Amino acid sequence: MKSTSRLGAWVAIAIGTLYFVLPLIATFEFSLKMNRDGYSFEAYKVVLADPGFQATFGYSTLMAVLTIIVGILLVVPTAYWIQLKLPRLRPLVEFITLLPLVIPAIVIVFGYLKLYNSSSWLPLTGNERATDLLLMCSYVTLALPYLYRSVDAGLRAIDVRTLTEAAESLGASWPSILLQVIFPNVKSAILSGAFLTFAVVIGEFTMASLLGRPAFGPYLQLIGANRAYEPSALAIIAFMVTWASMGLIQVFARNARPARKTA
Amino acid sequence: MSTSPDSLTHRPEPGAGQIRKGLTLSALNWLGVAPFFLFALLFLILPTATLMIGAFQDADGHFTLGNIAKLFDDSILSAYWISFEVSAASALGGTVIGLALALAAIQGGLPQWIRPTLMTFSGVASNFAGIPLSFAFLSTLGRMGLVTVLLRNYADFDLYGTGFSILSFLGLTLTYLYFQIPLMVLIVTPAIDGLRAEWREACESLGGNSVAYWWHIALPILWPSIMGSALLLFANAFGAVATAYALTGSSLNIVPILLYAQIRGDVLHDQNLGYALALGMIVVTGLSNAGYIWLRSRAERGRE
Amino acid sequence: MAYLTINNLHKRFDDHVVVHDFNMSIEQGEFVTFLGPSGCGKTTVLRMIAGFETPTSGRICVGGEDITQQAAQKRGIGMVFQSYALFPNMNVTQNIGFGLKMRKCPADDIKRKVAEVIKLVELTGKENHYPHELSGGQRQRVALARALVVEPRILLLDEPLSALDARIRKNLREQIRDIQRRLGLTTIFVTHDQEEALTMSDRIFVMNQGRVEQEGRAEIVYTEPATEFVARFMGNYNLLGAADTNRLLGLNISGHLAIRPESIHVLDGHSQQDGTLAGTIRQHQLLGNIIRYQIESAGITLQVDRLNRTASDLMPAGTEVRLQISRDDMREVR
């Protein structure tokens, strides 16, 4: 009986692998066919040399980095403070951080356009820099569920309250408690949240498109509508960026394990 | 220890000081979370609230139910219906297949490396949504896609001759499954890990076989998690814009694309109807998320 | 003919031997305990009897029938787990009735038998509660009832009390023993707690590193340890190596000498009785009804227990005393 269930498991994994790998192979194969006389990396060369690609990818990377910095500055102190001083607010804060999973991105950005349009009390869509700020804030909103959950889990794993009290009783000042005790212990949680945020933000389409900013997502859409082979090359690049982000999370999660044991 | 009258008379004063200090401390405590709440208010709650209010206003700001009534026009209702169908189909497929994959990897007795590989891949694939995903499926199942071509050349099977199109309901569902299945794997894995080996052993020692274990114990325990995950998957698909837009343009009439087009000013030209559309989306995703949270808390309650 | 016999049982995981040449036989109705530190293989033997692990080699027979290769669900052996393993989706009645349902018992019979066993384990009034609504002690009684109701040939208890508070543990200990006697159940109990083993068992198997160190009736294992390990594990024996034994007592032995703390008599420092040893009190610990002294004699520290009668009996550190140890209380162990 055990061998039949193992056979079933193999079949399930095999079909799953086929479904998930086939599109990748197909995309890769298609991306190599730009030259009519055989496989080549021509599509990648064209894409990477395109100033539009460089500009939008750079813009989205910058946005992702800013989002991660602002997101961490917003989430880490809040999560720490909630655990330490205001535990009864935890359900409320958790609820708020999960809202972006409930309210679709398109609805949130629609709200921005209504609330912050150029004739409103806070015309953030009025000029480009302000719109960039708005876009970044929208990305922080999108990243909130991932960032908060990983930071909160990291803080919970180390029992912040006891660690803080121990550091206080040993005479540590607040800055050194935060920088030398708390932060090193949740570093990997923060980093994994950060990489996940990067993966989400880098190819984001809806927010950037509706706020009219030159990000990578809208560029992808534009190329997709007008070119044949480049989109496949871009899809492979995007997949590798996502894969790299996730791979880095794994690396940091693995490094964190022994560190947590000694802590 | 000292009980001298001196210390007694002095006691109330530091006490009062402590209360005052406590008050300023709690005010400080609130200050610590103020940036977060301010951010949430400005970029999450107010924007959503203003839409919800807008849904009940006409162009001049007067109260009306007219926008909500317009949601029940045939064209809009059909958009909701197609959205519902795509989301439900991809949620159902994602739930069943994702569950099967997770069970196979965790409890199927496969080699050790399968599980971490599946988990890492699921992390990647569940985030590989949006426009690149639509490119990948066009390269696979589009008219010139690899699978379409291979089937035509080697199996003599004309996929598009059967009425299939990647731009259709079925095509979109198949594409959505690419992030729905891995998402299911990620959500349901903790629940499967929660199935304790002793439950199976207890069942065995009481005379129950494998079927009895799954039917009477494992599935009932997993059931709230499975249902909850399905609802989360449904909400996830219902709000997705980019994949569908890049894949089908405006050819498939689903709500997020309708709303996208409305915001871009392509159709409708009625702001307040747009707000009502948004409200409708929040209601649908909100309800399914509420269901998810409720079921998850039920699932957690049972854990010892 | 013994009811349960185990011959030459071996179990290895990869290249790690967990159970090494295990042999035993149990009579019907006997209460037997496997006692040992964690990792000594006691739970593995239990799991092989239950059918959750397959022995690498060896034979397990119940009532003359070889069950070594039989599936767990066909063995009719009841098991109570350390973590209770109650099904969280079922209430008390459903949990207890599960085994009968699997045996295709008629509904009326199930109802009657479940009601009986609920009364037996004193859970009346909790019939419709779910596991998460019960206390630890109540959960373990449900687990016990669930194993009992199918009238198993053998009942296995895997550290069933170790997750419970001290008070509840004592209470449940007596209840389990009482039910076992009343039903005449052949029972194997696994624990790392020697007090639990001593109070409950007819017979004890002391296990260490996959082997049986000693087996025997509870009182024998306690007073006559066969090996150094058993002496260390069973009580607070004073264990002297060969050199120390020679220095202190002038005796020549090959292994260790074990002397129980309560068998050393403390006499007045001026006593001139023959065969006594001079000693100096170093410190003491108060253990309730007993005072445990650390007494140094010939450079060796011995633990000596005395009854705590009155506060004035207490001998302060530095007191010179004479120690008397009877030959009968010295045991040479391997």
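Model, not experiment: these values are computed from the prediction.

This brings us to the overall build of chain B. Per the secondary structure count, chain B includes 13 helices and 0 strands. Listing the helices and strands of chain B from first to last along the sequence gives α-α-α-α-α-α-α-α-α-α-α-α-α. Counting all 304 residues of chain B, 51% fall into the buried class. For chain B, restricting intrachain contacts to residue pairs at least 6 apart in sequence, the fraction spanning at least 24 positions comes to 70%. When the accessible surface of chain B is summed, it comes to about 13900 Å², and 67% of that surface belongs to carbon and sulfur atoms.

Attention now goes to the nonpolar core. In summary, soluble globular proteins display a tendency toward joint burial of nonpolar side chains. Judged by nonpolar contacts, the single largest core of 245 residues is most densely connected at Y178(B), M24(C) and F34(C). In terms of residue count, the dominant contributor to this core is helix α6 (residues 128–158) of chain A (15 residues). Not counting the four nearest positions on each side in its chain, Y178(B) is found in contact with Y19(A), F20(A), P23(A), L24(A), F121(B), A125(B), F128(B), L133(B) and F137(B). Of all hydrophobic cores here, the second largest spans 21 residues; its members include L257(C), I281(C), I295(C) and M330(C).

This next bit is on the side chain of T164(A). Here T164(A) is to be found in helix α7 (residues 160–169). The residues touching T164(A), leaving out its near neighbours within four places in the chain, are Y80(A), L84(A), W174(A), I177(A) and I182(A).

All names here are of chain C. In this model, Y84 sits at a positive phi of 70 degrees, which is unusual for a non-glycine residue. Locating Y84 in the fold gives a position in the loop between β6 (77–80) and α2 (92–102). A positive phi angle is found at K104, which is not glycine, with a value near 55 degrees. Its place among the elements puts K104 in the loop between α2 and α3 (107–120).

A few words on the UniProt feature "transmembrane region" (unreviewed entry) in chain B. Residues and elements named next belong to chain B. UniProt marks residues 30–56, 77–106, 118–138, 159–179, 213–235, 242–263 and 275–295 with the feature "transmembrane region" (unreviewed entry), using the numbering shown here. A helix fraction of 100% and a strand fraction of 0% characterise residues 77–106, whose end C-alpha atoms lie 42 Å from each other. Secondary structure across residues 242–263 comprises 73% helix and 0% strand; the distance between its end C-alpha atoms is 14 Å.

Moving on to the UniProt feature "domain: ABC transmembrane type-1" (unreviewed entry) in chain A. Here, the residues flagged by UniProt with the feature "domain: ABC transmembrane type-1" (unreviewed entry) are residues 57–252 of chain A. Between the C-alpha atoms that bound residues 57–252 of chain A there is a distance of 25 Å. The span itself is 83% helix and 0% strand.

Contacts between chain B and chain C engage 20 residues on the former and 25 residues on the latter. For the pair chain B and chain C, the number of links is 1 salt bridge. Among the ionic pairs, R47(C) bridges to E201(B), the shortest N-O distance being 2.6 Å. Linking chain B with chain C are 7 residue pairs in polar contact (both at pLDDT 80 or more), by the criterion used here. Elements with a contribution of two residues or more to the side of chain B that touches chain C: α9 (197–205) and α10 (210–238) of chain B. Per-element tally for the side of chain B that touches chain C: the top contributor is α9(B), with 7 residues. Residue classes in the side of chain B that touches chain C are distributed as 8 nonpolar, 6 polar and 6 charged.

Moving on: the arrangement of the chains. Among 2 pairs of chains with at least one contact, chains A and B form the most extensive contact set. These two, chain A and chain C, are apart from each other, with no contact and a minimum C-alpha gap of 11 Å.

On the secondary structure map, F30(A) appears in helix α1 (residues 2–31). As a C-alpha pair, F30(A) and L191(A) span 161 residues in sequence and 35 Å in three-dimensional space. Excluding its chain neighbours within four sequence positions, the residues that come into contact with F30(A) are A228(A), Y229(A), S232(A), S139(B) and M144(B).

The next thing to look at is the domain arrangement of chain B. Residue and element names in this part refer to chain B. The domain architecture assigned to chain B consists of domain 1 (15–54) and domain 2 (71–302). Of note, the centres of domain 1 and domain 2, computed from C-alpha atoms alone, are 37 Å apart. At the interface, 4 residues of domain 1 touch 5 residues of domain 2. Between domain 1 and domain 2 lies a buried interface of about 410 Å² when both sides are counted; carbon and sulfur atoms form 81% of it. Looking only at domain 1, the three residues that lose the most surface to domain 2 are L51, M52 and G54, adding up to 89% of its buried area. On inspection of domain 1 and its partner domain 2, the count reaches 0 salt bridges.

Here we come to the sheet that holds strand β11 (residues 238–240) of chain C. All names here are of chain C. A sheet is described by the order of its strands in space; here 3 strands give the open sequence β11-β12-β18, paired in antiparallel fashion. Unpaired on one side and paired on the other, β11 and β18 (330–333) mark the two borders of the sheet. Strand-to-strand twist in this sheet, taken as the mean axis angle between neighbours without regard to direction, amounts to 30 degrees. For strand β12 (residues 256–259) and β18, the ladder comprises 4 bridges, and the chain directions are antiparallel. Considered in β18, the bridge of A258 is made with R331.

This paragraph deals with the interface of chain B and chain A. Contacts between chain B and chain A engage 70 residues on the former and 71 residues on the latter. Around 6400 Å² of area is buried between chain B and chain A when both sides are counted, 81% of it from carbon and sulfur atoms. Connecting chain B to chain A are 0 salt bridges. One can count 12 residue pairs in polar contact (both at pLDDT 80 or more) joining chain B with chain A. The element best represented in the side of chain B that touches chain A is helix α2 (residues 12–54) of chain B, accounting for 19 residues. The residue makeup of the side of chain B that touches chain A, split by class, is 49 nonpolar, 20 polar and 1 charged.

Residue and element names in this part refer to chain C. In this structure, strand β9 (residues 203–208) lies alongside strand β10 (residues 211–217), joined through 6 bridges in antiparallel fashion. Paired with M207 across the two strands is V212, which belongs to β10. If you look at the hairpin formed by β9 and β10, you'll find 2 residues sitting between the two strands, and Q209 has a positive phi there, around 50 degrees.

Let us look at the side chain of N67(B). One can find N67(B) in helix α3 (residues 66–70). Sequence-distant contacts of N67(B), defined by excluding residues within four places in its chain, comprise G54(B), A55(B), F56(B), Q57(B), N272(B), L273(B) and A276(B).

A separate point is the packing of aromatic side chains. What the rule picks out here adds up to 43 aromatic pairs over all chains. Aromatic side chains F53(A) and F57(A) sit 5.4 Å apart centroid to centroid with 20 degrees between the ring planes, which places their arrangement in the stacked category. Pair noted here: F53(A) and F57(A) are both in helix α3 (residues 51–84), with a separation of 4 residues, about one helical turn. Three or more aromatic residues link up through ring pairs in this structure, and these residues are Y19(A), F20(A), F239(A), W243(A), F121(B), F128(B), F137(B) and Y178(B). Sitting above the plane of the Y275(B) ring, K114(A) keeps its charged end 4.9 Å from the centroid.

Contact geometry for helix α5 (residues 105–115) of chain A and helix α12 (residues 255–264) of chain B: axes closest at 11 Å, N-to-C directions at 20 degrees. With respect to their mutual orientation, α5(A) and α12(B) come out roughly parallel. When you trace α5(A) past α12(B), the crossing you get is left-handed. Within the contact between the two elements, α5(A) uses I106(A), V107(A), F110(A) and L113(A) and α12(B) uses P256(B), L259(B), Y260(B) and I263(B). The residue makeup of the contact of α5(A) with α12(B), split by class, is 8 nonpolar, no polar and no charged.

Residue and element names in this part refer to chain A. Taken together, the side chains of L62, V65, L66, I69 and L73 define a hydrophobic patch exposed on the protein surface, amounting to about 450 Å² of accessible area. Here L62 is to be found in helix α3. Residue classification places L62 among the exposed residues on the basis of a relative accessible area of 52%.

The rules behind these values
- Residues numbered from 1 in each chain as written.
- Chains lettered and ligands numbered in written order.
- Predicted model: local features only at pLDDT ≥ 70, side-chain atom pairs only at ≥ 80, totals over all residues.
- Heavy atoms only, no water.
- Helix = DSSP H or I, 4+ residues; strand = E, 2+ residues; numbered from the N terminus.
- Buried < 20%, exposed > 50% of the residue type's maximum accessible area, 1.4 Å probe, protein only.
- Contact = heavy atoms within 4.5 Å.
- Areas by Shrake-Rupley, 256 points an atom, 1.4 Å probe, with all protein chains shown as cover.
- Core = buried A, V, L, I, M, F, W, Y, C linked by side-chain atoms within 4.5 Å.
- UniProt positions renumbered as here; feature names shortened; annotations may be inferred.
- Salt bridge = Lys/Arg side-chain N within 4 Å of Asp/Glu carboxyl O.
- Polar contact = N/O pair within 3.5 Å; in protein donor to acceptor, adjacent residues only side chain to side chain.
- Nonpolar A, V, L, I, M, F, W, Y, C, P; charged D, E, K, R; others polar.
- Domains from an automatic or database assignment.
- Buried area = accessible area lost by both parts, 1.4 Å probe.
- Pairing = 2+ DSSP bridges.
- Axes fitted to C-alpha atoms, helices over the stretch in contact; angles between N-to-C directions.
- Phe/Tyr/Trp six-rings, centres within 6.5 Å; stacked < 30°, edge-to-face > 60°.
- Lys NZ or Arg CZ within 6 Å of the ring centre and 35° of its normal.
- Parallel < 35°, antiparallel > 145°, perpendicular 65-115°, else oblique.
- Left-handed = near helix turned anticlockwise from the far one by under 90°.
- Patch = residues over 30% accessible without salt bridge, like charges linked within 9 Å, V, L, I, M, F, W, Y side chains within 5 Å.

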